[in-house]
Amino acid sequence: MNSSSPASPTRTVLVGVDFGPGSPFDPTLDELALLAESAGERPVARLTARRKSPDPALFVGSGKAEEIKALVDAHQAQSVLFDQALGPAQQRNLERYLGVPVADRTTLILEIFARRAQSHEGKLQVELARLQYLSTRLVRRWTHLERQRGGVGHRGGPGETQIELDRRMIGQRIKSLKAQLERVKRQRSTQRRSRERNNTFTVSLVGYTNAGKSTLFNALVKARTYAADQLFATLDTTTRQLYLAEAERSVSLSDTVGFIRDLPHTLVEAFRATLQEAADADLLLHVVDAASPSWQEQVEEVQRVLKEIQADDIPQVVVFNKVDLLEPSGRPRAAVDAFEVEPHRTVPRVFVSAAQGEGLDELRHIIAQAALGELELPVPAEPQTPAEDGEPAPACTSADTQKNRVSTARA
């Protein structure tokens, strides 16, 4: 979408629509702004609206569309980004009305993935997701879709429309990509069986994007995986060996792609081979940005995606990262406690700062316990509830806990 040079990012207007209870809505549009910046855009204005249902033609209705157009003109914006998914006709109508390119959250995420994928497998997955998405909206920018005539010398009955040819070509490419990714999946399965024969204990880092997974990965295994304060800095799975002196053995530690609210379903499907690392792990380290005001919603979203890839039954340790960014009054009283990751499921929680090295010894101890099959769960004497204002629930002290053994065997 962005054709400008890095020195002159595209000026864009952000739009979010609240459709009431049950529909995802971020009144601040902060996450959409981070996505835009990750794609090389520069947000110059934000606008939110409230509707009972999407307008069939312009999504937001003619009144709000006029307000968006006024913002585009006032800020000399070159594009408009919507936080919700647009239909093909709505997108086309908005572009005609506003006079600038229009994209939605799904398009933006796909673009970021296309730019960041480095490995052959990652590029295959991104191309598959983009083609699956494109196949549903071939009506958008295709101005050459007049009907072509069939037969010799263009005589006879009507032949295929250009859009039918395009859809058939896309379908063939999708079939080819799926076949290639299936081979990758078989290769991963072979590698997994090899690890099982070698009795390798596997640990996968999962969590919301920009929670600090890659920084934590680098801190634990002394790697140089790319890490940045931006969404989807890491797309390709990276695996290293982590030696645990306490367990007198090494474990396999993998850094995986981050999750995000409203992750396009095509991406979940396309990245299933990559996410298989998480689905086949013996232990998940669920990394949470403790300094984020929306950490609770992010935890819920990660749990939802884990269910979707059938990884929700794997033993978890919740790692509250970035505690160095918390106010002193919001800092935990102990490094380790218990956390209800979802109703009726309590798991160990450890507070760390991957950037500062704080809490890493406690985390290594927990991983070692899990590798030895001796993971112990501190259980609070009284139920914990999250603190106000988005702060993590205070850690319970050791005097307030009792020890329960947590099995690291898969159900």
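Residues numbered from 1 in each chain as written. Predicted model: local features only at pLDDT ≥ 70, side-chain atom pairs only at ≥ 80, totals over all residues. Heavy atoms only, no water.

With 9 bridges connecting them, strand 1 (residues 10-18) and strand 2 (residues 41-50) associate as parallel partners. Across the sheet, residue valine 15 finds its bridge partner in strand 2, namely leucine 47. Assessed by its sense of winding, the connection that carries the chain from strand 1 through helix 1 (residues 30-38) to strand 2 is right-handed. (Pairing = 2+ DSSP bridges. Helix = DSSP H or I, 4+ residues; strand = E, 2+ residues; numbered from the N terminus. Right-handed = clockwise from strand over helix to strand, strands pointing away.)

All right, on to the side chain of glutamine 316 then. You can see glutamine 316 is positioned in strand 11 (residues 316-321). A distance of 3.0 Å separates the side chain of glutamine 316 from the side chain of glutamine 303, its partner in a polar contact. (Polar contact = N/O pair within 3.5 Å; in protein donor to acceptor, adjacent residues only side chain to side chain.)

Let's shift gears to the pairing of strand 12 (residues 336-342). Along strand 12, 5 of the 7 residues are buried, which leaves the element largely enclosed by surrounding structure. Taken together, the 6 bridges between strand 12 and strand 13 (residues 345-351) define a ladder with antiparallel strand orientation. Within strand 13, the residue paired with glutamate 340 across the bridge is threonine 346. (Buried < 20%, exposed > 50% of the residue type's maximum accessible area, 1.4 Å probe, protein only.)

Attention shifts here to the packing of helix 7 (residues 213-221) against helix 11 (residues 360-371). What describes two packed helices is the angle between their axes and the distance between those same axes. Running from N to C, helix 7 and helix 11 point in directions that differ by 80°, and their axes come no closer than 11 Å. Between helix 7 and helix 11, the angle falls in the class roughly perpendicular. The segment helix 7 lies against helix 11, with Leu216, Ala219 and Leu220 engaging Leu360, Leu363 and Arg364. The residue inventory of the contact of helix 7 with helix 11, partitioned by class, reads 5 nonpolar, no polar and 1 charged. (Axes fitted to C-alpha atoms, helices over the stretch in contact; angles between N-to-C directions. Parallel < 35°, antiparallel > 145°, perpendicular 65-115°, else oblique. Contact = heavy atoms within 4.5 Å. Nonpolar A, V, L, I, M, F, W, Y, C, P; charged D, E, K, R; others polar.)

The strand order across the open sheet formed by 4 strands is 2-1-3-4, and the pairing between neighbours is parallel. The open sheet is flanked by strand 2 and strand 4 (102-104), the only strands paired with a single partner. Taken pair by pair, the neighbouring strands of this sheet meet at an average axis angle of 25°, ignoring direction. Alignment of strand 1 against strand 3 (residues 79-82), held across 4 bridges, turns out to be parallel. Its bridge partner being in strand 3, valine 15 is matched across the sheet by phenylalanine 82.

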